[in-house]
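If you want the building blocks of each chain, they are given just below.
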Amino acid sequence: MKIAHCILLLALGVNLVAQDQHSVPAPQVTVIRAGSLIDGKSDQPRRDQVIVIRGNRIEAVGDAASTKVPAGATVIDLSQQTVLPGLIDSHTHIFLWGEDPEKGGYDVNILMAPFGLRAARATVAVRRALEQGFTTLRDVETEGAGYGDIGIKQAIEDGIIPGPRLFVATRAISTTGGYMLEGYAPELAMPKGAQIADGPVEARKAAREQLDHGADWIKVYMTHRSWVGKNGELVSQPTFTVEELKAIVDETHGWGKKVACHAYGGIGLRRALDGGCDSIEHGLDLDDAAIVQMLKQGTWYVPTLSPYYYDWAPADTPNGQRDRLRAAVHEPSFKKALKAGVKIVFGTDMGGIPWTDPIAQEFPRMVSFGMSPMDAIQSATSRAAVMLDMEGKIGVVAPGAFADIVAVTGDPLRDIKLLESVQFVMKDGKVFRGK
Ligand SMILES: [Zn+2]
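Residues numbered from 1 in each chain as written. Predicted model: local features only at pLDDT ≥ 70, side-chain atom pairs only at ≥ 80, totals over all residues. Heavy atoms only, no water.

*Asks:* Break down the sheet that holds strand S1 (residues 29-37) for me, citing the residues and quoting the values.
*Replies:* Judged by pairing direction, the sheet is mixed, and its 7 strands sit side by side in the order S3-S2-S1-S4-S17-S18-S19 without closing on themselves. The open sheet has two free edges, formed respectively by strand S3 (57-63) and strand S19 (430-433), since each of these has just one partner strand. Here the average twist between neighbouring strands, direction ignored, is 35 degrees. As paired elements, strand S2 (residues 46-54) and S3 share 6 bridges and run antiparallel to each other. Of the residues in S3, the one forming a bridge with Ile-53 is Ile-58. (Pairing = 2+ DSSP bridges. Helix = DSSP H or I, 4+ residues; strand = E, 2+ residues; numbered from the N terminus. Axes fitted to C-alpha atoms, helices over the stretch in contact; angles between N-to-C directions.)

Here it is, written out as structure tokens:
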């Protein structure tokens, strides 16, 4: 009886294996007909293109007239639309919620929100990003939510929740006196939105911990508070010394990863560049020397223009004057960097901005400061991909790339604001929104 049972099971097992071998499905072939294709890399769009997708990869791109559509392919007709690569936002905070200063702002998020609530908000944030055509985010720190970004990234990769490809920075690193929460009684040990480290040993250790737990990038705060100085200039409080920063950069580069540095201007920015930061975040107040050094070192510049036009304090207060000065120095910094040929990458600081607002609002801001629409699109596609060490894999519609593809009605090169109304989103070969 038992033996017979075993034989039966064995036979069944063999049969199952045999069936499995027969039933492995060939990767699905999808064809997109594109009325106009902005491929993320070329300087000009191309009319009437066909994109052949096998599984999650782009196999071929060519003229509709001469490209053969494989038999049995699913055809998606975007012949009345402009097709682009999935967009990349290189500066987001999925664990922030655009905290309203009137409702307690940043501090309430850390002091009152349970981790479950923060994870739920982050889940909505990544979905919002994908809906708007952002198929990749570099999320530059969780603001007190620890290693929560690693969990969200895993949930997306496992197909549990929809969301973009994530490159995460985990906790970020700053110095004593270099991050919120602050302003409480000195007797209280308040939680901080970033990991605090002082001295090269602690700084290196913090980077090691974060890299060990899965950080794709290390985020460092090189300036913190800012105010209007004696001569009406923007002053930014520096944080790490060059020696401390170099320990972090050296450690991170050893792991084959990069360092993103929040820096406004002045001493902190100079130290950021001397210490070898790979990207400067915000860079509100770039002087000529900084621009020369960024060009020489190949430093990326993620200006995040949008948040500096939000939530200004009243004009007759010190913070209100600072808010207006920050916006006022940012524009000439951006224009100088653009003219000099610094590698500018699209980033918004979403999370600092409510996730209900359009992410693509950064495009018209960049264009209003003199960037061409095609350049702005490339800053959110192929150029961002190079920064993320994903050249040819994302940010481009070309053979070999992942099938991350979006579409809009109309011509975004004529009206860049159209990118706020993405109607079709495919990520990794799967349609998330649209046809
Ligand atoms: Zn930020």
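*Asks:* Pulling in residues and values, what's your account of the state of the cysteines?
*Replies:* Per the stated rule, a full pass over the model turns up 1 disulfide. One disulfide in the model links Cys-261 with Cys-277; its S-S distance is 2.0 Å. With the S-S dihedral at roughly -75 degrees, the linkage between Cys-261 and Cys-277 falls on the left-handed side. Note that Cys-261 is positioned in strand S13 (residues 258-265) and Cys-277 in the loop between helix H7 (266-274) and strand S14 (279-285), a separation of 16 residues in sequence. The two residues Cys-261 and Cys-277 agree in class, both being buried. (Disulfide = S-S within 2.5 Å. Buried < 20%, exposed > 50% of the residue type's maximum accessible area, 1.4 Å probe, protein only.)

*Asks:* Explain the coordination of the zinc ion to me, using residue names and the numbers behind them.
*Replies:* The protein atoms donating to the zinc ion are His-91 (NE2), His-93 (NE2) and Asp-349 (OD), with metal-donor distances spanning 2.1 to 2.3 Å. Mapped onto the sequence, the donors of the zinc ion take the spacing H-x1-H-x255-D. With a gap of 258 residues between them, His-91 in strand S5 (residues 87-92) and Asp-349 in the loop between strand S16 (343-344) and helix H10 (362-368) connect regions that are remote in the sequence. Note on Asp-349: relative accessible area 11%, which makes it buried. (Donors = N, O, S within 2.8 Å, 3.2 Å for Na, K, Ca; no water.)

*Asks:* Please set out unusual backbone geometry residue by residue, giving values where relevant.
*Replies:* The amide bond that connects Met-180 to the next residue, Leu-181, takes the cis arrangement and shows omega of 10 degrees. Note that Leu-181 resides in the loop between strand S8 (173-174) and strand S9 (195-196). Positioned with a positive phi, His-282 is a non-glycine residue whose angle comes to about 75 degrees. Turning to its location among the elements, His-282 is positioned in strand S14.

*Asks:* I'd like a description of the packing of helix H6 (residues 242-254) against H7, backed by residues and values.
*Replies:* Axis separation between H6 and H7 bottoms out at 9 Å; the angle between their running directions is 40 degrees. Put simply, H6 runs oblique to H7. For the pair H6 and H7, the sense of crossing is right-handed. Contacts from Val-242, Leu-245 and Lys-246 of H6 reach H7 at Arg-271, Ala-272 and Asp-274. Residues of the contact of H6 with H7, tallied by class, amount to 3 nonpolar, no polar and 3 charged. (Parallel < 35°, antiparallel > 145°, perpendicular 65-115°, else oblique. Left-handed = near helix turned anticlockwise from the far one by under 90°. Contact = heavy atoms within 4.5 Å. Nonpolar A, V, L, I, M, F, W, Y, C, P; charged D, E, K, R; others polar.)

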